[in-house]
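Close look at the chain arrangement
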Amino acid sequence: MAGRPYILSETNWKTVRKTEFEVAILPWGATEAHNFHLPFGTDTIQVEAVAAESARQAWEQGSRCLVLPPVPFGSNAQQVDIPHTINLNPTTQAFLLSDLVESLEAQGLSKLLILNGHGGNDFRPMIRELQPQVTIFLCMASWYQVGDWADYFEDVGDHAGEMETSIMLQIAPDLVLPLSEAGDGAERRYRIEAFREKWAWAPRRWTQVSKDTGVGNPALATREKGERYTAAVVEQLGRFLVDLAAADPDDLYE
Ligand SMILES: [Zn+2]
């Protein structure tokens, strides 16, 4: 049986050779602790699932988008004191991105979307630096920034809370421990007002912020909430992929 034609790791040379792909999608996750109850691969599992479903929707509308194998390591320098969270420094990520782009560009691909699944990853400065050196059009989106979480979830934390737990209950329920095993994701707030108000920023020292590595209480997570949110996300991302596939990168402005 053949795999999905828009997932590179499942498809084959026979299919790929006769398909003119318009956009490559690079899902980029992380390997990090997610409270007690979610797997270390949560960010990677989520971003890969969202990429695949968005690409499927675009494919069915005639757009040819190809999902590359996800990068499973993110920028996690502030969490490496939590075993076995793995860090790729931003400069290493930039080298990796540059090598991947070099392959795709040599093969004639014209557009790449980096689909980000981890809050610590920041691809914008990398794209700013790399874009003038290559002809392939580079862009990025963080899937979890689609829509307003408050429309879907009651406790809007930002790591391994109600949102991520709901999504995982939908896409990988076998990898989620019973919620009775989860910590409450309580966050210790900054003493400095400017950091609390978030207009000043420093990377968070994760072991000092949270007892269970989570920020946000997963107690109210349900599969149904996950389904509602991901349906909205992939619908919007699918539409973006269709637009991106059809677009001429040299003619993006009205
Ligand atoms: Zn996460």
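Residues numbered from 1 in each chain as written. Predicted model: local features only at pLDDT ≥ 70, side-chain atom pairs only at ≥ 80, totals over all residues. Heavy atoms only, no water.

A short note on the packing of aromatic side chains
The description of an aromatic ring pair uses the distance of the two centres, along with the angle that the planes make with each other. This is how it is decided: Ring pairs are drawn from Phe, Tyr and Trp, using the six-membered ring of Trp, whenever the two centres fall within 6.5 Å, and their geometry is named by plane angle: stacked under 30 degrees, edge-to-face over 60, tilted for the rest. Helical segments are the DSSP runs of H or I of at least four residues, strand segments are the runs of E of at least two, and each set is numbered from the N terminus. Residue burial is assigned from relative accessible area. The probe radius is 1.4 Å, only protein chains are included, and a residue is buried under 20% of its type maximum, exposed over 50%, and partly exposed in between.
Considering all chains together, one arrives at nine aromatic pairs under this definition. With centroids separated by 6.3 Å and ring planes inclined at 40 degrees, the aromatic side chains of F21 and W59 adopt a geometry described as tilted. Taken together, the residues span a long stretch of sequence, with F21 in the loop between α1 (13–16) and β1 (23–28) and W59 in helix α2 (residues 42–60) at a distance of 38 residues. The pair F21 / W59 is uniform in exposure class, with both members buried. Arranged with centres 6.1 Å apart and planes meeting at 80 degrees, the rings of W143 and Y144 form a pair that is edge-to-face.

Digging into the pairing of strand β3 (residues 111–116)
Both faces of the sheet carry side chains from a regular strand, because those side chains alternate between them. How we decide: DSSP-based pairing: two strands are paired if at least 2 bridges between them are found. If you view a crossover with the strands going away from you and the path from the first strand over the helix to the second runs clockwise, you call it right-handed.
For β3, the tally of buried residues reaches six of six residues, placing the bulk of the element in the interior. Of the two faces of β3, the one lined by K111, L113 and L115 and the one lined by L112, I114 and N116 are each fully buried. Summarising the sheet, β1 and β3 pair through five bridges and their orientation is parallel. Considered in β3, the bridge of A24 is made with L112. In this sheet, strand β4 (residues 137–142) lies alongside β3 in parallel orientation, the contact comprising six bridges. In the strand pairing of β4, I114 is matched with M140. Note that the unit made of β3, helix α4 (residues 124–130) and β4 has a crossover that is right-handed.

What about the layout of surface pockets?
What counts, and what does not: A 1.4 Å probe that fits but cannot get out identifies a cavity on a 1 Å grid over protein atoms alone, an open set with protein on both sides within 12 Å along at least five of seven lines counts as a pocket, and a residue lines either if it has an atom within 4 Å of a point. Grid points are joined across faces, edges and corners, and a volume is the space filled by probe spheres set on the points.
Space inside the second largest pocket adds up to approximately 440 Å³. For the second largest pocket, the lining is made up of 18 residues, of which F21, L66, L104, Q107 and L109 are closest to its centre. Among the elements that make up the lining of the second largest pocket, the one with the highest residue count is helix α3 (residues 90–106) (three residues).

A short note on the coordination of the zinc ion
In plain terms, the rule: Note on donors: an N, O or S atom is included if it sits within 2.8 Å of the metal, or within 3.2 Å for Na, K and Ca, and water is never included, so sites can look incomplete. Here a site with four donors is tetrahedral if all angles are between 85 and 135 degrees, and a site with four or six donors is square planar or octahedral if opposite donors are over 155 degrees apart and the other angles are between 65 and 115; anything else gets the irregular label.
At the metal site, the zinc ion is ligated by H34 (NE2), D43 (OD), E164 (OE) and E164 (OE), and these contacts range over 1.8 to 2.7 Å. One can describe the donor arrangement at the zinc ion as irregular, given that its four donor atoms subtend angles of 52 to 148 degrees at the metal. In primary sequence terms, the donor set of the zinc ion follows H-x8-D-x120-E. Taken together, the residues span a long stretch of sequence, with H34 in the loop between β1 and α2 and E164 in helix α5 (residues 162–171) at a distance of 130 residues. Per residue, the accessibility class of H34 equals that of E164, and both read buried.

What to know about the pattern of salt bridges
Basically, it comes down to this: A carboxyl oxygen of Asp or Glu within 4 Å of a side-chain nitrogen of Lys or Arg is what we treat as a salt bridge.
Taken as a whole, this structure holds nine salt bridges when the rule is applied. E53 is the salt-bridge partner of R56, the closest N and O atoms lying 2.6 Å from each other. Of this pair, R56 and E53 both sit in helix α2, three residues apart, roughly one helical turn. Of the residues examined, R56 reaches a relative accessible area of 27% and is grouped as partly exposed. Linking E227 and R223 is a salt bridge whose minimum nitrogen-to-oxygen distance equals 3.0 Å.

A few points about the pairing of β1
Taken across its six residues, β1 has six buried, putting it largely inside the fold. With burial as the criterion, each face of β1 is covered, one bearing V23, I25 and P27 and the other bearing A24, L26 and W28. Examined bridge by bridge, β1 and strand β2 (residues 65–67) share three bridges and lie parallel to one another. Bridge pairing in β2 links V23 to C65. A crossover connection joins β1 to the parallel β2 through α2; in handedness this β-α-β unit is right-handed.

These figures come from the coordinates and say nothing about function on their own.
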